[in-house]
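Here are the chains, one letter per residue:
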Amino acid sequence: AQSVTQPDIHITVSEGASLELRCNYSYGATPYLFWYVQSPGQGLQLLLKYFSGDTLVQGIKGFEAEFKRSQSSFNLRKPSVHWSDAAEYFCAVGAATDSWGKLQFGAGTQVVVTP
Amino acid sequence: ETGVTQSPTHLIKTRGQQVTLRCSSQSGHNTVSWYQQALGQGPQFIFQYYREEENGRGNFPPRFSGLQFPNYSSELNVNALELDDSALYLCASSLTDGLSEQFFGPGTRLTVL
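My aim in this report is to walk through the structure given alongside it, one point at a time. (Residues numbered from 1 in each chain as written. Chains lettered and ligands numbered in written order. Predicted model: local features only at pLDDT ≥ 70, side-chain atom pairs only at ≥ 80, totals over all residues. Heavy atoms only, no water.)

**Quick word on the pairing of strand S2 (residues 10-14) of chain A**
All names here are of chain A. Where we set the bar: Burial status follows relative accessibility: with a 1.4 Å probe on protein chains alone, a residue under 20% of its type maximum counts as buried, one over 50% as exposed, and anything between as partly exposed. Runs of E in the DSSP output that reach at least two residues are strands. Runs of H or I that reach at least four are helices, and both are numbered from the N terminus. When DSSP finds two or more bridges between two strands, those strands count as paired.
Residues of S2 alternate between two faces, with Ile11 and Val13 buried on one and His10, Thr12 and Ser14 left unburied on the opposite face. Two strands pair when backbone bridges link them, and S2 and strand S12 (residues 109-114) are joined in this way by five bridges, in the parallel orientation. Directly across from Val13, in S12, lies its bridge partner Val113.

Here it is as structure tokens:
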């Protein structure tokens, strides 16, 4: 069965510290991978995506993610967190065979940034 | 260039009623997808519309239906509302290419009492 797992429901990090959010997937087809961020009352904003090529992907707002096929993971990282990074983060997977771009989302990780 | 807009922002209904949610896609996008996001969960794919036809559907019953209009705007209709239908409903627009980015609207918060 296809699934996306974000093991951490909630993460608290100090401003200026590094952040890593975990994402594991189980997908039969070649996966396309995404990270989205959702602030309260807002829709989802795409941070970055991986389709193929270089497994280290750079996104907006200083985020990056690394695709590790052997571990079925696509973890999101940021070297130095800002207070504005407090939000909920979702990992999502799409299948290469789905020409209509259906996305399957994880349950999300809530990030709290402390001073 | 305007982004994806949704209306209304909030809505309260009672069980058994019907509801219509609306979405205007981003300029130049002809594909619209709808997602349901229950509290504390990730979005769940409901269906997608492309050129006014349903182009894929998730695990949702037939009482969830939709329309897409010639201007690519879209409606989500839910009949016979149930308490579990309470959620944030997100609309996303994209180009026809399934690999392209989906741009999400702010959502409609539906509460069923």
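There is more to say after this.
**Points about the interface of chain B and chain A**
The criterion, for reference: When checking whether two residues touch, look at their non-hydrogen atoms; a contact exists if any pair is within 4.5 Å. Buried area is understood as the total, over both parts, of accessible area removed when two parts are fitted together, assessed with a 1.4 Å probe. Think of a salt bridge as a Lys or Arg side-chain nitrogen and an Asp or Glu carboxyl oxygen that are within 4 Å of each other. For this analysis, a polar contact is any N or O atom pair within 3.5 Å, provided that within protein one partner can donate a hydrogen and the other can accept it, and provided that sequence-adjacent residues contribute only side-chain to side-chain pairs. Here the term charged refers only to Asp, Glu, Lys and Arg, the term nonpolar to Ala, Val, Leu, Ile, Met, Phe, Trp, Tyr, Cys and Pro, and the term polar to all other amino acids, Gly among them.
Chain B puts 21 residues into the contact, and the matching count from chain A is 19 residues. Of the roughly 1600 Å² buried where chain B meets chain A, counting both sides, 57% is carbon and sulfur surface. Counting across the chain B and chain A interface gives zero salt bridges. Inspection of the region where chain B meets chain A yields two residue pairs in polar contact (both at pLDDT 80 or more). Those elements that provide at least two residues to the side of chain B that touches chain A are strand S4 (31-37), strand S5 (44-50), strand S6 (53-57) and strand S9 (87-94) of chain B. Residue composition of the side of chain B that touches chain A, grouped by class: eight nonpolar, 11 polar and two charged.

**Things to note about the nonpolar core**
How we decide: Only buried Ala, Val, Leu, Ile, Met, Phe, Trp, Tyr and Cys residues count toward a nonpolar core, and they belong to the same one when joined by side-chain atoms within 4.5 Å.
In this structure, Trp35(A), Leu48(A), Leu76(A) and Tyr89(A) are the most contacted members of the largest nonpolar core, which totals 28 residues. Top element by residues in this core is strand S10 (residues 87-95) of chain A. It accounts for five residues. The residues touching Tyr89(A), leaving out its near neighbours within four places in the chain, are Gln6(A), Leu21(A), Trp35(A), Tyr36(A), Val37(A), Leu47(A), Phe63(A), Leu76(A), Gly108(A), Thr109(A) and Val111(A). Membership of the second largest hydrophobic core comes to 19 residues, among which are Val19(B), Val78(B), Leu81(B) and Val112(B).

All we've got here are geometric facts, nothing functional implied.
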